[in-house]
Structures are given as structure tokens and as C-alpha cells.
Amino acid sequence: MTVVDTGPTADAAAAAEEQRRSSNQPSEALRVEPLLGLEWSQAIEQWGGENATTPTETRRSWLHRASEQQVLALYRAVIEIDPGAPAPWWLRALSDGKLTSRLEGYKVEDRVSKLLASRPGWVYVPWTADGDSGFWEYVPSERKLSEPGVPTTLKLTDRHTGWIDVIRVHAGDESPAPVAVAGLADLRANLARVESLAP
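Residues numbered from 1 in each chain as written. Predicted model: local features only at pLDDT ≥ 70, side-chain atom pairs only at ≥ 80, totals over all residues. Heavy atoms only, no water.

Draft legend 1. A look at the nonpolar core. Formed by 38 residues in total, the largest nonpolar core has its most connected members in Trp-40, Leu-91, Val-112, Trp-122, Trp-136, Leu-154 and Leu-187. With residues up to four places along the chain from it excluded, the contact list for Leu-187 reads Val-112, Leu-115, Leu-154, Ile-164, Val-181 and Val-194. (Core = buried A, V, L, I, M, F, W, Y, C linked by side-chain atoms within 4.5 Å. Buried < 20%, exposed > 50% of the residue type's maximum accessible area, 1.4 Å probe, protein only. Contact = heavy atoms within 4.5 Å.)

In C-alpha cells form, the structure reads like this:
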């Protein structure tokens, strides 16, 4: 018996053509994800501000200048694809409904900055990862270490509505768990205790 190959049937040919066309077209996820990620990295990129001594002086990114609704819409689109995308604490809090406006977050930063600037030993550190708001270090706390380490650090956070975390002075790469501060009044009342934290 002789078998003659007559080539692909019409259905098989149509399926092959569809496969060829779809393999040449990038999927929607491939088209959107990299562009959205690139747009976000440009939105949070900090321009200048390396010598800033307050958070106000670092607010130069697109996310600080663009309309709040635009910033929030782009951020929400980004976190659908990458829930861990870098963003300032106030934007995460705003997106979660914990803050009512970007300005409210700025007020928290500025009040903390004003309090710490009036105390000797506190230094604002603006050069953090893009998207971050910077942090404060209590430089004299390093004297408590017998080896190089990290001074007592104060960071703003969205993990609780006191907005302030303190990380005690420590040596080595592993940071101690942050201590939550219940807002500016609590920080003001306990600042001497924060400054005296031991490793």
C-alpha cells in the first residue's frame, strides 16, 4: 500500500498560520510590563537633592510635581504588576487610604524634620533608593559600638499610623526589628530615650 502525503489540510494550515502570527506578536503582558516599569522608574527618579538637609529639598521627582491623581493612578497600575515596587511611604499610605493626601504625608515629614533639626546629633540622610523619602540618623549613638555599624535610625513608614519607626544602633548587616513610635507627640516625649538606645 502506498501512502501519499497531500500536505496539510485546510484546518491544519489555518492553525499553523495563526500560530505563526501569534508568535510574532508580543503578548500584552510583555508589551505593558516593561514600559510601565520604565515609566515608574523615571517617575520616582530623584534629580539633585544629594546635599539636601530636609525632606522638602528632595521633593523633585515627577511623583512630587505631577497631579496627585496621576501619581496615584500610575502607582496603582504598577503595583498590580509588581506589588513590591519602590515608592515613598506616603504614597503607599495614600494608596491604602491611610492618608487623605500627599500633602498630609509631607506635613508628617516636615514636622519630624523640624523636631530633629532642633536636636544636636541628628542628621538627615537624603541619598536612599529612588522612591524613598530619606531618613534621619542619630550620629552620637555610634559611640556605643566597639566596631563600625549603623547609628540609631528614624524612618517614616506606612506599616502603622504613627508613621515613625526607630531602628536602634547596631553593628553588622542584620538590622534589629523597628520600634514603632505612636506619632510626633510620642517621639517628642520620648526623644531622649530614643537617643539613649543601646545596641
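Once you've had a look at it, read on.
Draft legend 2. Geometry of helix α6 (residues 102-117). Taking 1.5 Å per residue as the helical rise, α6 with its 16 residues ought to reach 22 Å, and the 22 Å between its terminal C-alpha atoms agrees with that figure. Looking at α6, one finds that the buried residues are Arg-102, Gly-105, Tyr-106, Val-108, Glu-109, Val-112, Ser-113, Leu-115 and Leu-116. (Helix = DSSP H or I, 4+ residues; strand = E, 2+ residues; numbered from the N terminus. Expected span 1.5 Å × (residues − 1).)

Draft legend 3. Spatial organisation of the pattern of salt bridges. Throughout the structure, instances matching the rule amount to 5 salt bridges. Of the charged contacts in the structure, one is a salt bridge between Glu-109 and Arg-59, with a shortest N-O distance of 2.9 Å. With Glu-109 in helix α6 and Arg-59 in the loop between α2 (28-44) and α3 (62-65), this residue pair connects regions lying 50 residues apart in the sequence. Judged by its relative accessible area of 2%, Glu-109 is buried. Close ionic contact of Glu-195 with Arg-119 constitutes a salt bridge, the shortest N to O distance being 2.6 Å. Of this pair, Glu-195 sits in helix α8 (residues 191-195) while Arg-119 sits in the loop between α6 and β1 (122-125), placing them 76 residues apart in sequence. We classify Glu-195 as buried; its relative accessible area is 12%. Look at the salt bridges and you will find they share partners, linking Arg-59, Glu-109 and Asp-110 into a network. (Salt bridge = Lys/Arg side-chain N within 4 Å of Asp/Glu carboxyl O.)

Draft legend 4. Examining the sheet that holds β1 more closely. A sheet is described by the order of its strands in space; here 5 strands give the open sequence β1-β2-β4-β5-β7, paired in antiparallel fashion. Two strands close off the open sheet at either side, each with one partner strand: β1 and β7 (179-181). Averaged over all adjacent pairs, the angle separating strand axes in this sheet is 25 degrees, with direction ignored. Pairing analysis gives 4 bridges linking strand β4 (residues 152-156) to strand β5 (residues 164-167), with the strands arranged antiparallel. Note that in β5 the partner of Thr-153 across the bridge is Ile-167. Sheet contacts for α6: β1, β2 (135-138), β4 and β5; angle to β4, the most-contacted strand, approximately 155 degrees. (Pairing = 2+ DSSP bridges. Axes fitted to C-alpha atoms, helices over the stretch in contact; angles between N-to-C directions.)

Draft legend 5. Layout of unusual backbone geometry. Within the chain, Trp-163 stands out as a residue other than glycine whose phi angle is a positive 70 degrees. Tracing the backbone through its elements, the reader meets Trp-163 in the loop between β4 and β5.

Draft legend 6. The side chain of Asp-158, seen in detail. Mapped onto the elements of the fold, Asp-158 is located in the loop between β4 and β5. Among the residues examined, Asp-158 registers a relative accessible area of 13% and is labelled buried. Sequence-distant contacts of Asp-158, defined by excluding residues within four places in its chain, comprise Trp-89, Arg-92, Ala-93, Asp-96, Lys-98 and Trp-163.

Draft legend 7. Region of interest: the side chain of Glu-109. Among the polar contacts made by the side chain of Glu-109, one reaches the side chain of Arg-59 at a distance of 2.9 Å. What Glu-109 contacts, discounting residues up to four positions off in sequence, is Pro-55, Arg-59, Trp-89, Trp-90, Ser-133, Trp-136 and Leu-156. (Polar contact = N/O pair within 3.5 Å; in protein donor to acceptor, adjacent residues only side chain to side chain.)

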